[in-house]
Amino acid sequence: MSDFTIPLPPDVRRELDDLADATGRLPEDIALDAVLHRLARESSPVRVAAESLADAHADLLRRLGE
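No experiment lies behind these values; they were computed from the predicted model shown. (Residues numbered from 1 in each chain as written. Predicted model: local features only at pLDDT ≥ 70, side-chain atom pairs only at ≥ 80, totals over all residues. Heavy atoms only, no water.)

## Observations regarding the overall build of the protein
Consideration 1: If you tally the helices and strands in the protein, you get 3 helices and 0 strands.
Consideration 2: Ordering the α and β elements of the protein from the N terminus gives α-α-α.
Consideration 3: In summary, the protein has a C-alpha radius of gyration of 20 Å against a globular reference of 11 Å for 66 residues, an excess of more than 25%.
Consideration 4: Counting only C-alpha atoms and orienting by the principal axes, one finds that the protein spans roughly 55 × 20 × 20 Å.
Consideration 5: Sorting the 66 residues of the protein into buried and exposed places 6% on the buried side.
Consideration 6: Between the centroid of the 8 positive side chains of the protein and the centroid of its 14 negative side chains there is a distance of 6 Å. (Helix = DSSP H or I, 4+ residues; strand = E, 2+ residues; numbered from the N terminus. Rg over C-alpha atoms; globule rule 2.2 N^0.38 Å. Buried < 20%, exposed > 50% of the residue type's maximum accessible area, 1.4 Å probe, protein only. Lys, Arg positive; Asp, Glu negative; His and termini not counted. Charge placed at Lys NZ, Arg CZ, Asp CG, Glu CD.)

## Points about the pattern of salt bridges
A side chain with one charge may pair with a side chain of the opposite charge, provided their charged atoms come close.
Consideration 1: Under the criterion given, the structure shown has 6 salt bridges.
Consideration 2: Salt bridges linked by common partners bring Arg-38, Arg-41 and Glu-42 together as one network. (Salt bridge = Lys/Arg side-chain N within 4 Å of Asp/Glu carboxyl O.)

## What to know about helix α1 (residues 10-23)
Residue pairs three or four apart in sequence face the same way in an α-helix, which turns once every 3.6 residues.
Consideration 1: In a regular helix each residue adds 1.5 Å, so 14 residues correspond to 20 Å; α1 covers 20 Å between its end C-alpha atoms and thus fits that length.
Consideration 2: Immediately downstream of α1, the backbone of Gly-24 shows phi near 70°, a positive value. (Expected span 1.5 Å × (residues − 1).)

## Remarks on a negative patch on the surface
Consideration 1: The grouping of Asp-11, Glu-15, Asp-18 and Asp-21 at the surface amounts to a negative patch.
Consideration 2: As for its position among the elements, Glu-15 is in helix α1. (Patch = residues over 30% accessible without salt bridge, like charges linked within 9 Å, V, L, I, M, F, W, Y side chains within 5 Å. Areas by Shrake-Rupley, 256 points an atom, 1.4 Å probe, with all protein chains shown as cover.)

## Observations concerning the layout of surface pockets
Regions of empty space are outlined by a rolling probe, equal in size to a water molecule, passed over the atoms.
Consideration 1: Approximately 690 Å³ is the volume attributed to the largest pocket.
Consideration 2: Around the largest pocket, the lining comprises 18 residues; the ones closest to its centre are Phe-4, Ile-6, Glu-28, Ala-31 and Leu-32.
Consideration 3: Those elements giving two or more residues to the lining of the largest pocket turn out to be α1 and α2 (27-56).
Consideration 4: The leading source of residues in the lining of the largest pocket is α2, at 8 residues. (1 Å grid on protein atoms, 1.4 Å probe; cavity = no way out; pocket = protein on both sides within 12 Å on 5 of 7 lines; lining within 4 Å. Points joined across faces, edges and corners; volume = space filled by probe spheres on them.)

This is the structure in structure tokens:
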């Protein structure tokens, strides 16, 4: 896994640390869960739209690929 640094405002960092302490987890694990949740929530509609566009323009895309 590669490292990725996200600067957090002090109040957000305190809340993250408090939540981690209260749940017995690492702040990094909570942040990773939040990112994965956001990706899952937002990538699904984007994927559906992309597939819809690809289906609607399949003939054109096929001709461009020749």
